[in-house]
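Structure at a glance
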Amino acid sequence: MSHSTHDVAEHRFRQHHFATAEQQLDTSKIGMWLFLATEILMFGGLFVGFGLMQGVYPEAWVAGHHHLDRVLGAVNTVFLLCSSFTMVMAVHYASTDEKSKTVLNLGLTLGFAFAFLVVKYFEYSHKFHDGLLPGRFFNLAGIGGPPQQAMFFGFYFAMTGIHGFHVLIGIILITWIMIRANRGDFSSAYYTPVDLIGLYWHLVDLIWIYLFPLLYLVS
Amino acid sequence: MADIITTPHISGHADHHDVDYLHDGKGLKSWLTTVDHKRIGIMYLWSILFMFFLGGVFAMMIRLELLTPKQTIMSAETYNKVFTLHGAIMVFLFIIPSVPAALANFVLPLMLGAKDVAFPKLNLFSWYIYMAGALIAIAAMVTGGVDTGWTFYTPYSTTTDGSVALMTFAAFVLGFSSILTGVNFVATIHKLRAPGMGWFDMPLFCWGIYATALIQVLATPVLAITLLLLIMERTFGIGIFDPKLGGDPVLFQHFFWFYSHPAVYIMILPGMAIISEIIPTFSQKTIFGYRAIAFSSVAIALVSFIVWGHHMFTSGQSQLASAIFSFITFFVAVPSAIKTFNWIVTMYKGSVAFNAPMLYALSFLLLFGIGGLTGIFLGAVSVDIHLHDTYFVVAHFHYVMMGSTVIAFLGGLHYWWPKMFGRMYNESAAKVACALVFIGFNATFLPQFVLGSRGMPRRYYNYLPEFQFLHQASTVGSWILGLGFLIMAGYLFASLRKKMDAPANPWHSRTLEWQTASPPITHNFHEVPSVGGGPYDYYRPVGQGRNA
């Protein structure tokens, strides 16, 4: 139980209630995967509601999605895909003790994340301007078409809003591990936070990959 | 279970590792910043007990109002708010965190022979989230209240006045606390069992908590998104649940019960888990059917996800769906009965001691029998159409939620009290309180079965004069129940003023939490326990750990 054992996998971040660094790593991974499962179930509820209502009001969904900008949506998809790639590279370089490359790739990931939010900001403000707001704030008179478009935009803002919130949390977390990576906290023996936040970031990316066709490519 | 460890340390020299957890650090700050699972468990315990008191006061007000058919002490509007707050507080702020977050937080790592839960900081964080949720709930109460019932059914909940959005948000926040506790416990059970302790060497309490934690992790996120959509419905009118805008209020019911039916098992499984500890200990006998009980916990957890439609037989869902949900609901009785029969057989030819925890366990068997079987009545579609939304339903779920879960919680509280605080309570007073709670509970809720079967609808403020006798019997029962709790509070608080007098293992149990000092040292055990036997090996002599 002492901290003085010089096992290969030992490191100074092992907490007292774990017998080995390996046990700590396994435990952290179980925790993260469970948390990701809760995320999937939470978005799953939204997807089910969205799908059901699309089945009831297909015309409203088609009419509503014409007001979304496919190009911007596609650009954002590319941004997130690239960010997932740089995240993978960051995890890889963390595991091979290449500190500056880890920091660089985390920085690039952050850059893509910010780019995503900037595009989202322009999309949102465009929607606000056109009165494409959720529910009772929806300006049907200015747009025409089936009234249930209000519900479509309710879902649009709920889904992209909650996703955007996750991107924001991701930015905070990535900033945190970037500072720690720069400080030299991570090594091939210990880079669990990079690994786990990487997993989280991939999920955020994956959810967008479902959101994009569901919202922007209705047919 | 194991042959271990504690040489009792009555030492004056204050080695950090020898100090019991209650004295390792003084002052409020040392508690508010602790990452010790035992201290967090205790903080949860006082928080939920306060909420239980609050919810209990609302319950007494409901019963007092129903003493007479017309107005007794409050207006109809106030009454609606009072029963909503009673339900919401008891479900979200008391029962759901009661056993997992308070008792299991304390004993689970001890039972596993671990030093702490998997994620100690997350554990503390989840307590802060709980407190934030509780404060938001209280804010909702004082800024207009809520009169929707704890189920927040649309479209009423999206159109009524009051602080529905705030109360819903409180439940949303509390859900995260529950999820984090669940994640923590699953990881703890997977990775932090003592060396040599296989899955089937764990005490059955851990199996029950494991099944519970799985439901917490898998069901709660769906409630989170449902409540979020409800908040959006109220603030933006997005129309998903509003028929005026093309939405579907029944969809809300589906979403809500997809969480809230499994949540019923979040509430009952930990209760069953406690009973699986108390009965072998006070029978001094190996539990009968260990694997059957362990697997039945997991079976209940799995089945719990596919029965939610039995809350909605009268909602207009398809008759085929109702028939299927009804059939699966009957299936829940199988693992429940497996447990019950195994507990009863465990006592057979055991040397049964009738201490307070055992009295609660025996009460549980009776009350859970009634609560469970009336659940079968309600699961039958034709019977449910008649009994839906009557006092029969109220009586049924109180027999399960209070008669079973709360009774088991009280059993667990009395069972582990010496371990948690190092002090014995007055046993005779505890027996009297248990008897009063048992009698008071039955007096309160048995009449409600009769009321319901005769057509008294739930949540009504007024009632027909012919129902008055049964309502009064129920109200008098609530006073007996209240008296029982008053006595309990008296002797439990009194015990805390005594010097520490509890032996390490007052009940001669074989599970690991009793093989260390009462109260335990901060790191739980002086050496990591190594396990070489089952948790209920009562046929073997006790290890040196017991100094009772």
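Reading the values: rules and limits
Residues numbered from 1 in each chain as written. Chains lettered and ligands numbered in written order. Predicted model: local features only at pLDDT ≥ 70, side-chain atom pairs only at ≥ 80, totals over all residues. Helix = DSSP H or I, 4+ residues; strand = E, 2+ residues; numbered from the N terminus. Contact = placed C-beta atoms within 7 Å. Nonpolar A, V, L, I, M, F, W, Y, C, P; charged D, E, K, R; others polar. Axes fitted to C-alpha atoms, helices over the stretch in contact; angles between N-to-C directions. Parallel < 35°, antiparallel > 145°, perpendicular 65-115°, else oblique. Left-handed = near helix turned anticlockwise from the far one by under 90°. Core = buried A, V, L, I, M, F, W, Y, C linked by C-beta atoms within 7 Å. Buried ≥ 20, exposed ≤ 12 C-beta atoms within 10 Å, placed from the backbone.

1. Some points on the environment of Ala158(A)
Topologically, Ala158(A) is positioned in helix α5 (residues 149–183). Through-space distance from the C-alpha of Ala158(A) to that of Pro134(A) is 8.7 Å; in sequence the pair is 24 residues apart. Once you skip the residues sitting within four places of it in the chain, Ala158(A) turns out to touch Leu46(A), Leu229(B) and Met232(B).

2. A look at unusual backbone geometry
Residues and elements named next belong to chain B. Cis rather than trans, the peptide bond between Thr154 and Pro155 has omega equal to 0°. Mapped onto the elements, Pro155 comes out in the loop between α4 (120–142) and α5 (156–159). Cis geometry marks the peptide bond from Ser518 to Pro519, where omega comes out at -10°. Mapping Pro519 onto the fold places it in the segment after α15 (468–497).

3. Things to note about the interface of chain B and chain A
On the side of chain A, 28 residues touch chain B, which itself brings 31 residues to the contact. Only α6 (164–191), α7 (204–236) and α8 (249–283) of chain B provide two or more residues apiece to the side of chain B that touches chain A. In terms of residue count, α7(B) provides more of the side of chain B that touches chain A than any other element does, ten residues in total. Considering only residue class, the side of chain B that touches chain A consists of 22 nonpolar, six polar and three charged.

4. Details of the packing of α5(A) against helix α6 (residues 192–216) of chain A
Residue and element names in this part refer to chain A. Between α5 and α6, the least distance of the axes is 10 Å, while the angle of their chain directions is 155°. Comparing their axes, α6 and α5 come out roughly antiparallel. Pair α5 / α6 crosses with left-handed handedness. Within the contact between the two elements, α5 uses Tyr156, Met159, Thr160, His163, His166, Val167, Gly170, Leu173, Ile174, Ile177, Arg180 and Ala181 and α6 uses Pro193, Val194, Ile197, Tyr200, Trp201, Val204, Ile207, Trp208, Leu211 and Leu215. The class makeup of the residues in the contact of α5 with α6 is 17 nonpolar, four polar and one charged.

5. What about the nonpolar core?
Within soluble globular proteins, side chains that are nonpolar tend to cluster in buried spots. In this structure, Leu112(B), Val186(B), Cys206(B) and Tyr210(B) are the most contacted members of the largest nonpolar core, which totals 218 residues. With 24 residues, the single largest contributor to this core is helix α3 (residues 76–112) of chain B. Those residues in contact with Val186(B) that lie beyond four places of it in its chain are Ile30(A), Leu34(A), Tyr210(B), Ala213(B), Leu214(B) and Val217(B). In this structure, Tyr21(B), Trp514(B), Ala517(B) and Ile521(B) belong to the second largest nonpolar core, which totals five residues.

6. Some remarks on the packing of helix α1 (residues 21–56) of chain A against α6(B)
α6(B) packs onto α1(A) with a crossing angle of 145° between their chain directions and a minimal axis gap of 9 Å. Relative to α6(B), α1(A) is oriented so that their crossing is right-handed. Across the interface between the two elements, Gln23(A), Asp26(A), Thr27(A), Ile30(A), Gly31(A), Leu34(A), Phe35(A) and Thr38(A) of α1(A) pack against Ile179(B), Val183(B), Val186(B), Ala187(B), His190(B) and Lys191(B) of α6(B). Its residues assigned to classes, the contact of α1(A) with α6(B) shows seven nonpolar, five polar and two charged.

It is worth stressing that arrangement in space is one thing and function is another; only the former is reported here.
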